[in-house]
Each structure stands twice: as C-alpha cells, then as structure tokens.
Amino acid sequence: VCFIPGGLDCSISFVSHVLGKVCVHGRQKEILSVLVPCLVDLTKSDCIWQRICWRLVECVPDRWMEAVVLGFVQRAPGADTLSRLLGNLVVKNKKAQFVVTQKVLLLQYCYTTAVLQNLLGYLSLDSLRRALLIKVMQELLETWSSSSAVKHSPPEQQQYISKAILICLSHLKEPEIESCRQELLTSMMEGVKCHLDSNLPQIRRLGMIVAESISSKINTDGPVLKFQYEEDDEARELKSLLVQTPTFCVVPSLSDDGNETAGAALPLVLESNKKSHTAAPVMSDDELHAELDSDDDLIPYDMSEDKELKTKAPVYIRDCIAVLTGSEDMDKWEATVKALEGLVRKNPAATREVSVELAKILLLLEEKTCIEGFVELRQRAQVAVLTTDPIPVAKYLTSQFYSLNYSLRQRMDILDVLVLAAQELSYPKSHGKTKHSGAQKSCIQLLPGSDSSKDWRRIVDERIKSKTRRFATAQSQVELASSPNEFSSVAGHFFFPLIQHFDRPLTTFDLLGEDHFVLGRLVHTLAILMYLAVNTVAVTAMGKALLEFVWALRFHSDSYVRQGLLSCISSVLLSVPTDCLLEDMTEELLEAQSWLGDVVEKDPDGDCRRLALQNLLLMENLKKKLKTVPS
Amino acid sequence: MALPPPDPQFVLRGTGAAVHTLHFSCGSQEPDVPVLFSGSENGFVHVWNLKTHRVDTALDGHGRKSVYCVETMGGKNRLLSQGRDQRICLWDLAEGRTSVTDSVFTENVGFCRCSLLEVAAGRWLMAMAAKALDEVQVLELPSKTSVCTLKPAVGAKLGMPMCLKLWQLSCGSQPLLLAGYEDGSVVLWNLSMGKALSQLACHQEPVMSLDFDSEKAKGISGSSEKVLSIWSLNEQQNLQVYKTHKLVNAGISDITIRPDKKILATAGWDHRIRIFGWKKLKPLAVLDYHTATVHCVSFSDHKNPTERLLAAGSKDHRISIWSIYTQT
C-alpha cells in the first residue's frame, strides 16, 4: 500500500471505508500489522502524513469505528505513537470517545497492561484530551469504590480496573490532583472499605495497593496510608505502574518504537535504615576502671556474654498451668509456653486429668512477652491437648465456638485447631511421626484458609485423574504401618456440634450476617473434617448433615463461602462410600446436582465454577463406577 | 576491645559420669608423661595421659560409689582417693600396678574433701571429716595414727565441715587447719592444741569450697549464694573479712588458686568457670563451655610456666582443659 506524497489532493475516505470494513470483519491483525508500522514511520517527522493519518481514521464510518480504534490501540507501540496516529479522534468522534473511555476500560477487561498504558498515555498527552483523562479517572474510581462491583465482579476485572486507576494516577499532574483531591479522598475511603471487607486475599490486596497509591498522591507531604501485605510479583507489577518514565511528545526523538513506559519502571524509593552495630563489650565490674594500673599485666577477656542463667521450664503439667494462670515471672512464663507442647505429648495421662482446663487456658492465652512464633506455639500446644484427650476437649471447644464474647480470631483458632487435630488423629502413625503433608496446613495462621481451597482443587484434580477413590495422601508413602484410626471414634464429636448452631445468631456473633468471613472458614473446616472422616463409622450421618447444610446456604453472596460449600460436596462424594451415598442420600444428591449445574453456568467467580464442574465430574465417575460393577 | 574468651585447649571425654574431682601430676621429667587424675560419680578414678588425651588406666576401688576427692602423695605413683563408700584408698601405681595398698574407713557419709599436707619427708597429715557430724579428724599417713580430733565448742552450731585446708607457713612450722562449715563460717584450728584460734562468719549459706594463700595470709571462700568472700589472717591469727565479690549467678562448687598465686579459678553452678586476678580479685575471664554444673577446677603443676593448664570437670561428663594466662 503506497501513498502518493504531497501536492495531490486525494480523498482518503475511500481508504477509510476499506480499512473499516476489513477491521470489522475481523481482519484487524493482518491489515494493521502492515499498516501501522508504515504509518508510524511516515508520521514520525512529516506533519502532512500525520494529518493524512488523522483524516484516515476520522473518516471511518461510525459502525466500524470501534474495530479500527481498538486495532490501533492494540497495535500502537507506545502512547505517543498512538497520539500521532489518532490525533484528537477521541475528542472529535463520539463513537471513538465511547469506545476509548467507556468500553475498553469499564465494560471489557481482556486487554493487557501495555494496551492500558497506551490508551491512558494517549489521553494524557494532549491538553484537549486531558479532560477526558480526568473524566475516565473519576469513572474508574466510582467503579472501584462501589461495593456491589467489588462483590460481584470477577477478580480479573477488578485487577484490570485497579491497573487502569494506577496508570491514570501516574499521569495526573499536580494541579489536576489538587482540583479533584476531595473526590479522590472520598472514593478512596469507600473503596478501601469494600475491598477490605472481601474474603478473597487478592481483592483485599488490590484495594490496599490502590489506596496506598491514591493516598501517596494526594498527601505528598503528610502521613500516607500504609498497609501490610505480601509483596509478590503481582504487587510489584502493580506498584511499578505508578511510576512513569516521561513520555516524549509528538516531536520525534530518540525512541519511537518500543515501550518506554513499560520498560523502565522504577521501584519506589524505600528508606533503608542501617542499624549500626554496637559491638563494644562492657566490663561487668566497674571497679576495673578505677584500677586500670592494677594487677600485673593480666588483660581481661571479653566478658560481655556473662549474663544470668535463664530459668528453666516447669516439668509438670500442673506447674505449667500454675505458671500460665498466675505467674508474674515473665521468664518462667516464656519458658513454659515453649515447653508446653512437648510436656503434653510426653505425659498423656497427666494431661487427660486437666485437659479441659488446659484447653481453656490456651484458648484465652494472650501474648504477654514477645516470643518468636507465639501463635504457632500456642496452636501446637492446643493441638497436642486435643489429640491427647479428644472427646472432652472437642466438646469444650465446639461449645466455645458458639459462645458469647470471643473474638473472631479466637473462633477461627478453634476451627484451625480442630482441623489440625483431626488430621493428626486420622493419619496412621508411621515411625511415630504423624505430621507430614499435614505440616503445611499448620501454616494457616493469619491469612485465611484460601490455601485450603487451592489444596482442595489439587486433591480433587488428582482424584478425577485417578478415577478411583483412594485414601492416599499427596505424597506417595509406601506401605504405611496400619493402626486403628483414632479419628473414627471422635469424628462425630468434632463435626456435629459445629454444624448445629450456625443459624442462631448471638449478640456478638452472627454467622449468617456480618461475620461471613468466619462462616467461610467454618464451611472449609467442615469440608476438611468430612474428608478426614473417610472410613469412619459416622461418615454417612455426617455426609447427610453436611449436604443439608450446604443446601441451606447455597445462595450465599460471598464467593469464599460458596467455594467452601463446593469443597464440602467434594468431600462428601469422596468420603462416603458409594452405596451409602445412593441409599441414604439420593434426594440430596439430585438436588445438589441441579445446583451444581446452575453454578457452573451462572456463578461470577471462576473458582466456584471450576469446583462445581469438578464435582459434577466426580458424580459422573461415581455413576459410571456403579454401572460397571455388576450388582 | 577485649578478646573473646579462649576455647578449651582440648576436652577429655570418656568418663561416662559426672566428674567430681581433678588432680594434675605433671611435675616429673621426661620421659614421664604428664598425667591428670579424675574421680567420677561411677566410682572410677581415671588416669588421663595428657599427651595422648586418652585414659591410660581406670581404677575401680570404691565399689562404684562416687569418688569425690583425689590427691597425689609425692608424685604420680602414689594416689589417694576418697569415695562415698566411706573409704579413703591409697594406691600404688608404680610400674603399671593398680593396687590399693591401704585404706582408711572414715565412717563419714558426707561430701567433705579431705586435705593433705606433707610435713616431713614421707610423712603426711590428712584432715578429714570424722564420724561425728561436726568433727574433723587429723590422721598421720602412712601410719594412720590419729593426731587430733577437732571438735567445735558445744553450742557453736557450725554444722558439718564442708571443706578443709591444711597449711603451714613454712616447712617445719606449725600446721594449721582452715575449715569451712555448713553455717557459713570459716574456722582456723590449731592442731597441736586441738582448739580453734579464730572463727569468721563469711557466708549465709554453707561454705562450699575455700582456698588459702599462706604467703599473703589471704584466703577466699565460695558458697551456694552469689558472693565470694575474701578474708585475711592478721598477726594475731585472727580472721577478718577483707572484701566480698558479687557474682552474676549463684553457686560455687570449687575454688582454687594457681600455685604462682597470680590467678584463681572458680567452678560455678551456672556452668561457667571464672578466672580472677588474685591480687585485687579483678575479673579476668568467664569460660563458658560446659553444659552443666562445673564441679571442680584444678591448676596443673608444670615446671615450665608456658605449659601450665587449667582443668575443669563437670556434671556433663566432660573435662575441659584450658591454657590461660600462661605468659606471666
């Protein structure tokens, strides 16, 4: 395609028509891959070519405008080249404006970050277009801060919008920020609230990052918002969007191909405090300084390590109880906390005498001094107590789960402890060690158990692949020594009390209302307990109760809870023997199946859909299995 | 900036039980090897070869009852060991023999280490806790005749003697005895008259160990509390407290002053060995190696000052050997 340069008065509209038609028929890639580089080169220095190009795109009929504009936006190597190519198209043409400011940003979310950079950079490059940039920014923020959007839109879209916001922020200049400071602040506050309310850690983190960025932009001199979250590639990528290397304007200069913006993203400057090491030893005896010319020439050695000997931990369980409840001696308290798990495991008989009391103390134990790993120490001690004396302690813990005046943290602790203890009890004791793959579960502490939902997906995947139900762990262990399943006799005690009172709200604790986070955790816990109850006597009753529980909650609005419910169904299908499934639970299963079909099609959350699909496959496999077995 | 404390020069392992007592015998010439005797809780006296760091001989003479004192009588061929089987055994170790030549039945069930003093060639005085609870008996060896029995005055509730030290100002002069008692007092006894010359309350708790420098007429005692007590003897043979030194952790099991009177070592219940300068009790080093109570410390009697060693035996079954401040 070769254009005749200068002097001739050509009509470009025919070319525009052709271009538009080709693009709308889906051939954007082919034609634009040839056209765009040509145009980029030609428009580099020649104003006439620029005007030609602008005419070209302006003349594309409205019905094909979208395809053309999207094609250009995707193909242009940078925001300034896009600017050269499109000119002020977005200002002149209503359709183009709609596509660029609304459709790409708010209604779709399939484009890459580079495309976003191009688009928003393009908007920022010209003063006429900057007004649009601000408008776009406001609309994005409105979406970001709307609680219904946060609840119902898929995480991918939310990430897309967050990225767009960050890029916009990076383009905004001081006076513009000044003018809309108040708005930014209000949206930020609202948005942060909705994001932090969510159960999915990814959403929370997105909210935190965006809020931090907004806050740093509007409060350049004051204190900025700072959250604590896990820094991984995604977070770093998002943060890097905030900093833009200056893009060069229409005048061609050094780099016109390649993305300046995406390439040189600088990390935010962090202040590093170098702690100066003071290593000078201190003489323990002050008399030394007075007698420097003393004794012979005997030079003392460094005695700074000479400190008082630490107190030892108590050796008896009852002593531990006394120390934990009454003692003011912090050293002893620390030593006791560290030694408690070992003592409980070594003295099962003594522990059984005081198990409930010990469980109570541990549940209410607060961190008095700064011990490393306090939460884990406490959790391990609780698990040790629970496994040593399962029935009374389980009764106590499950009753406390539904009692007044516990914090959410404590209730979730109860759930975690029950799960860990159930794991320990149900695994065969090989070589005296019970924790293997279960050890990773003990890392569920401060983050919600969405890890467990990932584990679930993995395990369910494996199951489907293998097409048989096997009680095997993820690691292949050859020939575990068999021993009686200790979980069998107590599974019911762990499970049923938890499921009993979920719909009875207390004044401080309402599972079905505000505390849906705990509900999510509870559902996941029940799923795990169900899974671990395979080959126990109570499994059928448990399965039936669990399916009814799932049915009652199936329309819950929180996606984390729904994921948990789907895991429950997986566990039921995996743990309850097929005959029992068919005999006792046919109706529930059929109902569940229809619900699953619904979820697969209509649920907004990708994870839920996947889990539902896996469940349906599991059911199919079971049916097939039954058909092949001669009755 | 002070150097970090040195590590042990080597560590002797193999006793198999807590080490309660140590005694060096390194004064002999080549080709004789320097030797360390150790007494353990399992009743053995181990003879350690300090060149090979291995046990040359293990002497079993106390019926597997703990040995809590070993001393040599003029050279390493004659050994005295005291055990919880209420016996003090005299050994003949010359030419590879391991036989008990004589023994004294002390009838004492305590832990008080006996004290030896050579008063004339071949004649030794030995002070030991006697049958009666608060008495000290002095015997002459090798004849085993009783020289005197030192009984505290009636009403002076001193308790058991915990540690003893026989000394004389110079060869030929009066032998005297310093005894530390359960009530925390140190008593100076005159042996020929059999009566106490002076008594000093040094500690609130039992005196666990003491040592005395006859040249400076100064002594030091340690107990189960946090204080070391230094006392001196004036011309009237009266004991008076010179000063006290506060420790970081309570409990001292043994104190010994190096033969050249420059430094002293204490064995602590906090697993640490502390070195002090003797002149002004300046803390010099804290040797932290053992993982359990250090029961005993002993300095070697090497003729060559640079070869001098310090040994410490602990409840963790190990004997650590240190070379420290050997330059002076």
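Quick notes on the rules
- All residue numbers here refer to positions counted from 1 along the written sequence of the relevant chain.
- Lettering for chains starts from A, numbering for ligands starts from 1, and both go in the order in which the items are written.
- In keeping with the predicted nature of the model, local features appear solely for residues at pLDDT of at least 70, side-chain atom pairs appear and are counted solely at 80 or more, and the whole-chain, interface and lining totals rest on all residues.
- As a rule here, side-chain values come from all non-hydrogen atoms in the structure, and water together with hydrogens is ignored.
- Here a strand is any run of E in DSSP of at least two residues, a helix any run of H or I of at least four, and the numbering for each starts at the N terminus.
- Exposure categories follow from relative accessible area, calculated using a 1.4 Å probe and restricted to protein chains: below 20% of the type maximum is buried, above 50% is exposed, and the middle band is partly exposed.
- Pairs of residues are marked as contacts when any of their non-hydrogen atoms sit within 4.5 Å.
- Using a 1.4 Å probe, the Shrake-Rupley method yields the accessible areas, and only the shown protein chains count as cover for residues.
- Strands were regarded as paired on the criterion that DSSP finds at least two bridges between them.
- Take the number of residues in a helix, subtract one, and multiply by 1.5 Å to get its expected span.
- Stacked, edge-to-face and tilted labels apply to pairs of Phe, Tyr and Trp rings (six-membered ring for Trp) whose centres lie within 6.5 Å, assigned for plane angles under 30 degrees, over 60, and everything in between, in that order.
- By the criterion adopted, a ring carries a charge over it if an Arg CZ or a Lys NZ lies within 6 Å of its centre and within 35 degrees of its normal.
- Each salt bridge in this description consists of a side-chain nitrogen of Lys or Arg and a carboxyl oxygen of Asp or Glu lying within 4 Å of one another.
- Any N or O atom pair separated by 3.5 Å or less is treated as a polar contact, with the protein-specific requirement of one donor-capable and one acceptor-capable atom, and with residues adjacent in sequence counted only for side-chain atom pairs.
- Joining through side-chain atoms within 4.5 Å is the link that ties buried Ala, Val, Leu, Ile, Met, Phe, Trp, Tyr and Cys residues into a set, and such a set is a nonpolar core.
- Domain segmentation is taken from an automatic or database assignment of domains.
- A residue's pLDDT is the predictor's confidence in that residue, given on a scale from 0 to 100.
- Helix axes are fitted to C-alpha atoms over the stretch in contact, other axes to C-alpha atoms as well, and angles between N-to-C directions run from 0 to 180 degrees.
- Here is the rule for angles: anything less than 35 degrees is roughly parallel, anything more than 145 is roughly antiparallel, 65 through 115 is roughly perpendicular, and the remaining ranges are oblique.
- Note: crossing handedness is left-handed where the near helix turns anticlockwise from the far helix by less than a right angle, and right-handed where it turns clockwise.
- Three classes are used: nonpolar for Ala, Val, Leu, Ile, Met, Phe, Trp, Tyr, Cys and Pro, charged for Asp, Glu, Lys and Arg, and polar for all others, with Gly counted as polar.

Chemist: Outline the overall build of chain A, listing residues and values.
Modeler: What chain A contains, in helices and strands, is 31 helices and zero strands. The 631 residues of chain A split such that 50% are buried. Contacts in chain A between residues far apart in sequence, at least 24 positions, make up 75% of those at least 6 positions apart.

Chemist: Report on the overall build of chain B, specifying residues and quantitative values.
Modeler: Counting its secondary structure elements, chain B contains zero helices and 28 strands. For chain B, buried positions account for 58% of its 328 residues. Intrachain contacts of chain B at a sequence separation of at least 6 include 44% that bridge at least 24 residues. Counting every atom, chain B has about 13,400 Å² of accessible surface; 50% of that belongs to carbon and sulfur.

Chemist: Any details on the pairing of strand E4 (residues 44-49) of chain B? Residues and values, ideally.
Modeler: Residue and element names in this part refer to chain B. Counted residue by residue, E4 has six buried out of six residues, so it is predominantly covered. Burial along E4 is two-sided: the face carrying Phe44, His46 and Trp48 and the face carrying Val45, Val47 and Asn49 are both buried. One ladder, built from five bridges, connects strand E3 (residues 35-40) with E4; its direction is antiparallel. Within E4, the residue paired with Val35 across the bridge is Asn49. Here E3 hands over to E4 after three residues, with Gly43 in that stretch at a positive phi of 95 degrees. Note that E4 and strand E5 (residues 54-60) share six bridges and pair antiparallel. Following the sheet pairing, His46 is matched in E5 by Ala58. The hairpin turn running from E4 into E5, its antiparallel successor, is four residues long, and His53 in that turn takes a positive phi close to 60 degrees.

Chemist: Lay out helix H21 (residues 374-388) of chain A in plain terms, naming residues and giving numbers.
Modeler: All names here are of chain A. Here H21 is 15 residues long and its end C-alpha atoms lie 21 Å apart, about the 21 Å a rise of 1.5 Å per residue gives. With 11 of its 15 residues buried, H21 lies for the most part within the structure. Buried within H21 we find Phe374, Arg378, Gln379, Ala381, Gln382, Val383, Ala384, Val385, Leu386, Thr387 and Thr388. Buried residues in H21 make contact with helix H18 (330-346), helix H19 (348-353), helix H20 (355-364), helix H22 (390-401), helix H23 (408-426) and helix H25 (491-500).

Chemist: Can you lay out the packing of aromatic side chains for me, pointing to particular residues and giving the numbers?
Modeler: Summed over the entire model, instances satisfying the criterion amount to nine aromatic pairs over all chains. Centre to centre, the rings of Phe495 of chain A and Phe496 of chain A are 5.3 Å apart; their planes meet at 90 degrees, and the pair counts as edge-to-face. These aromatic residues form a ring-pair network of at least three members: Trp167, Phe212 and Trp231 of chain B. Above the ring of Trp551 of chain A, the side-chain terminus of Arg554 of chain A is found at 3.5 Å from the ring centroid.

Chemist: Lay out the pattern of salt bridges with the relevant residues and their values.
Modeler: Overall, the coordinates contain 38 salt bridges over all chains when judged by the stated rule. The salt bridge partner of Arg380 of chain A is Glu341 of chain A, with a shortest N-O separation of 3.0 Å. With Arg380 of chain A in helix H21 and Glu341 of chain A in helix H18, this pair connects stretches of sequence that are 39 residues apart. Taking the relative accessible area as the measure of exposure, Arg380 of chain A reaches 34% and is therefore partly exposed. Of the residues examined, Glu341 of chain A reaches a relative accessible area of 16% and is grouped as buried. Between Lys76 of chain B and Asp32 of chain B there is a salt bridge, with the nearest N and O atoms lying 3.9 Å from each other. With Lys76 of chain B in the loop between strand E6 (67-72) and strand E7 (78-83) and Asp32 of chain B in the loop between strand E2 (19-25) and E3, this residue pair connects regions lying 44 residues apart in the sequence. We classify Asp32 of chain B as partly exposed; its relative accessible area is 37%. Here the salt bridges do not stand alone but share partners, grouping Glu341, Arg345, Glu376, Arg380 and Glu424 of chain A into one network.

Chemist: If you had to explain the side chain of Ser224 of chain B to someone new, which residues and values would you point to?
Modeler: With respect to the helices, strands and loops of the structure, Ser224 of chain B is situated in the loop between strand E19 (218-223) and strand E20 (227-233). Among the polar contacts made by the side chain of Ser224 of chain B, one reaches the side chain of Glu205 of chain B at a distance of 3.2 Å.

Chemist: Kindly report on the nonpolar core, identifying the contributing residues and their values.
Modeler: All names here are of chain A. Judged by nonpolar contacts, the single largest core of 93 residues is most densely connected at Leu386, Phe401, Phe487, Phe494, Leu526, Leu546 and Phe549. The element that contributes the greatest number of residues to this core is helix H26 (residues 516-532), accounting for 11 residues. Counting residues domain by domain, this core receives three or more from each of domain 3 (311-388) and domain 4 (422-427 + 486-630). Excluding anything up to four places from it in sequence, Phe494 contacts Leu386, Pro390, Ala394, Thr398, Leu418, Ala421, Ala422, Leu425, Phe487 and Leu529. Listed in part, the 73 residues of the second largest apolar core include Ala67, Val69, Val100 and Val192.

Chemist: Lay out the confidence of the model for chain A with the relevant residues and their values.
Modeler: Residue and element names in this part refer to chain A. Per-residue confidence for chain A gives a mean pLDDT of 76; residues scoring 70 or more make up 80%. This stretch, residues 246-294, has a pLDDT under 50; its non-local contacts, to residues over four places away or in other chains, come to 45 contacts. Here residues 431-452 is modelled with pLDDT under 50, and outside its nearest four sequence neighbours on either side it reaches 46 contacts, counting other chains as well.

Chemist: Talk me through the environment of Lys623 of chain A; I want residue IDs and the actual numbers.
Modeler: Residues and elements named next belong to chain A. Tracing the chain through its elements places Lys623 in helix H31 (residues 606-628). The class of Lys623 is partly exposed, set by a relative accessible area of 38%. Sequence separation between Lys623 and Leu582 is 41 residues, and the spatial gap between their C-alpha atoms is 9.7 Å.

Chemist: Could you give an account of the sheet that holds E6 of chain B, with specific residues and numbers?
Modeler: All names here are of chain B. Strand order in the open sheet formed by four strands is E6-E7-E8-E9, and the pairing between neighbours is antiparallel. Two strands in the sheet have a free side with no partner beyond their single neighbour: E6 and strand E9 (99-105). The mean angle between the axes of side-by-side strands here comes to 20 degrees, regardless of whether they run parallel or antiparallel. The pairing of E7 with strand E8 (residues 87-92) spans five bridges and is classified as antiparallel. Looking at E8, one finds that Gln82 is bridged to Ile88.

Chemist: Let's hear about the packing of H26 of chain A against helix H27 (residues 539-553) of chain A: which residues, and what values?
Modeler: All names here are of chain A. Two elements in contact, H26 and H27, have axes whose closest approach is 11 Å; the angle formed by their N-to-C orientations is 155 degrees. Looking at the two axes, H26 sits roughly antiparallel to H27. In terms of crossing hand, the pair formed by H26 and H27 is left-handed. Each of Leu519, Val523, Leu526, Leu529 and Met530 in H26 lies in contact with H27, whose residues at this interface are Val539, Met542, Gly543, Leu546, Phe549 and Leu553. A per-class count over the contact of H26 with H27 returns 10 nonpolar, one polar and no charged.

Chemist: Before we move on, could you go through the side chain of His46 of chain B and cite the residues and values that matter?
Modeler: Looking at the secondary structure, you find His46 of chain B in strand E4. For His46 of chain B, a relative accessible area of 7% translates into the label buried.

Chemist: Mind laying out the confidence of the model for chain B, listing which residues take part and the relevant values?
Modeler: Overall, the predicted model of chain B reaches an average pLDDT of 90, with 99% of residues at or above 70. Interface predicted TM-score (ipTM) for the complex: 0.73; the corresponding pTM is 0.50.

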